[in-house]
Amino acid sequence: MDGSDLLPDPTPGPGVGMGWAECLRREIVGCRRCPRLVRWREKVAKDKRAAYAGETYWGKAVPGWGDPQARIVVVGLAPGAHGANRTGRMFTGDESGKWLYRALWRAGLANQKESLGRNDGLKLRNVWVTAAVKCAPPDNRPSPGERDTCGIFLEREMRGLSGAKVYLALGGFGFDAVVRFFGLRPKPKFSHGSVVPVQGGRWLLGSYHVSQQNTFTGRLTERMLDEVMREAKERAGLSQARG
């Protein structure tokens, strides 16, 4: 993949006449290209966690979402088995999502701090939230083949988000996905707070993932996440004022 040209894919296809985001969303939701991931996401949706036994799980691939004119793109690893795989929206329904959307709200990039489900009224401003892999993987570990198969969707997503100035990667997996998209050489090393220039006056920022493994242990604090958000806003040319 080469991210030097971030124009949307002009090739006609299913859903011609729809906006690129809606067309891509439909394709992602209908995708069954990775048998292992399909089996896992559907098994989780059937077996459920006891706390959500009365709910109907989404159980499909989860598309990115947010402001199609976003200047900041947040890239994670994959949907959580009982979070986005349950609710159908990235980083929604689990502790990781609570951390992320609270931080976006504090930064003035979301209209509310709660993220409960697709119809909870949450709206994002100048931000798009996605993941390198669109299906919940067993043990939160997609295979290289699954990563590459799903990379086609991420590539189209990144090209569609042609106004983006900052790519905020949550964790090394998302960081490496952005590095592959732009073909960065030599390959930059992921670290929390890393800032990597990308062609066209764009930037790749790194942050520890908002997983419980990091937030419950104190490896990632809300203050650390807020600092990364401030850096992202500054480099994206966004004002600090909430609005």
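Each remark here, short or long, concerns the structure printed above.
The structure reproduced in this document is the subject of the present report.

Analysis parameters
- Residues numbered from 1 in each chain as written.
- Predicted model: local features only at pLDDT ≥ 70, side-chain atom pairs only at ≥ 80, totals over all residues.
- Heavy atoms only, no water.
- 1 Å grid on protein atoms, 1.4 Å probe; cavity = no way out; pocket = protein on both sides within 12 Å on 5 of 7 lines; lining within 4 Å.
- Points joined across faces, edges and corners; volume = space filled by probe spheres on them.
- Nonpolar A, V, L, I, M, F, W, Y, C, P; charged D, E, K, R; others polar.
- Helix = DSSP H or I, 4+ residues; strand = E, 2+ residues; numbered from the N terminus.
- Expected span 1.5 Å × (residues − 1).
- Buried < 20%, exposed > 50% of the residue type's maximum accessible area, 1.4 Å probe, protein only.
- Arc of directions from axis to C-beta.
- Contact = heavy atoms within 4.5 Å.
- Salt bridge = Lys/Arg side-chain N within 4 Å of Asp/Glu carboxyl O.
- Phe/Tyr/Trp six-rings, centres within 6.5 Å; stacked < 30°, edge-to-face > 60°.
- Axes fitted to C-alpha atoms, helices over the stretch in contact; angles between N-to-C directions.
- Parallel < 35°, antiparallel > 145°, perpendicular 65-115°, else oblique.
- Left-handed = near helix turned anticlockwise from the far one by under 90°.

Attention shifts here to the layout of surface pockets. Within this model, the largest pocket holds a volume of roughly 530 Å³. Residue classes in the lining of the largest pocket are distributed as 12 nonpolar, 11 polar and 4 charged.

Let's shift gears to helix α8 (residues 222-236). With 15 residues, α8 ought to run about 21 Å at 1.5 Å a step, and its terminal C-alpha atoms sit 21 Å apart, in line with that. Within α8, burial applies to Leu225, Asp226, Val228, Met229, Ala232, Lys233 and Ala236. Across the axial projection of α8, the buried residues extend over an arc of 160°, all falling on one side. For α8, exposure combined with an orientation more than 90 degrees from the buried face picks out Arg223 and Glu234. Here the buried face of α8 lies against β2 (72-76), α4 (95-106), β4 (166-170) and β6 (202-207). Once α8 ends, the next one or two residues include Gly237, with phi positive near 75°.

Turning next to the pattern of salt bridges. Side chains bearing opposite charge may pair, as long as their charged atoms lie close to each other. A full pass over the atoms with the stated rule returns 18 salt bridges. Asp226 serves as the salt-bridge partner of Arg106, at 2.9 Å between the closest nitrogen and oxygen. In this pair, Arg106 is assigned in helix α4 and Asp226 in helix α8, connecting sequence segments 120 residues apart. Exposure remark for Arg106: the relative accessible area of 28% places this residue in the partly exposed category. Classification of Asp226 by relative accessible area gives buried; the value is 18%. Across the pair Glu155 and Arg159 runs a salt bridge whose closest N-O atoms are separated by 3.4 Å. Note that Glu155 and Arg159 are positioned in helix α5 (residues 144-160) at a spacing of 4 residues, about one turn of the helix. Here the residues in one salt-bridge network are Arg102, Arg106, Glu222 and Asp226, joined through shared partners.

To continue, consider empty space enclosed by the protein. Tallied over the full model, the rule gives 2 cavities of 30 Å³ or more. Taken together, Cys31, Arg33, Cys34, Leu37, Val38, Arg41, Ala61, Lys134, Cys135, Thr149, Cys150 and Phe153 make up the full set of residues lining the largest cavity. Sorting the residues of the lining of the largest cavity by element identifies α2 (35-47) and α5 as the ones contributing at least two each. Classifying every residue of the lining of the largest cavity gives 8 nonpolar, 1 polar and 3 charged. Counted as a void, the second largest cavity has a volume near 40 Å³. Looking at the second largest cavity, the residues that line it are Trp20, Ala21, Leu24, Arg25, Ile28, Pro63, Gly64, Trp128 and Glu157. Looking at the lining of the second largest cavity, the element that brings in the most residues is helix α1 (residues 20-29), giving 5 residues. Across the lining of the second largest cavity, the residue classes break down as 6 nonpolar, 1 polar and 2 charged.

Another point: the packing of aromatic side chains. Counted according to the given criterion, the structure contains 5 aromatic pairs. Geometrically, the ring pair formed by Tyr167 and Phe182 is edge-to-face, given 5.1 Å between the ring centres and 65° between the ring planes. In this pair, Tyr167 is assigned in strand β4 and Phe182 in helix α6 (residues 172-182), connecting sequence segments 15 residues apart. For the pair Tyr167 and Phe182, one class covers both residues: buried. Site record: aromatic cluster; members linked through ring pairs are Tyr167, Phe181 and Phe182.

Turning to the environment of Pro197, a few remarks are in order. Locating Pro197 in the fold gives a position in strand β5 (residues 195-198). The exposed category is assigned to Pro197, whose relative accessible area is 55%. Residues Pro197 and Ala70 lie 127 residues apart in sequence; the distance between their C-alpha atoms is 18 Å. Apart from residues no more than four positions distant in its own chain, Pro197 is found in contact with Arg202 and Trp203.

Let us now look at the packing of α4 against α8. Viewed as axis vectors pointing N to C, α4 and α8 meet at an angle of 55°, and their least axial separation amounts to 10 Å. Relative to α8, the element α4 lies oblique. The handedness of the crossing between α4 and α8 is right-handed. In this structure, α4 uses Trp99, Leu100, Arg102, Ala103, Leu104 and Arg106 to contact α8, whose residues at the interface are Glu222, Leu225, Asp226 and Met229.

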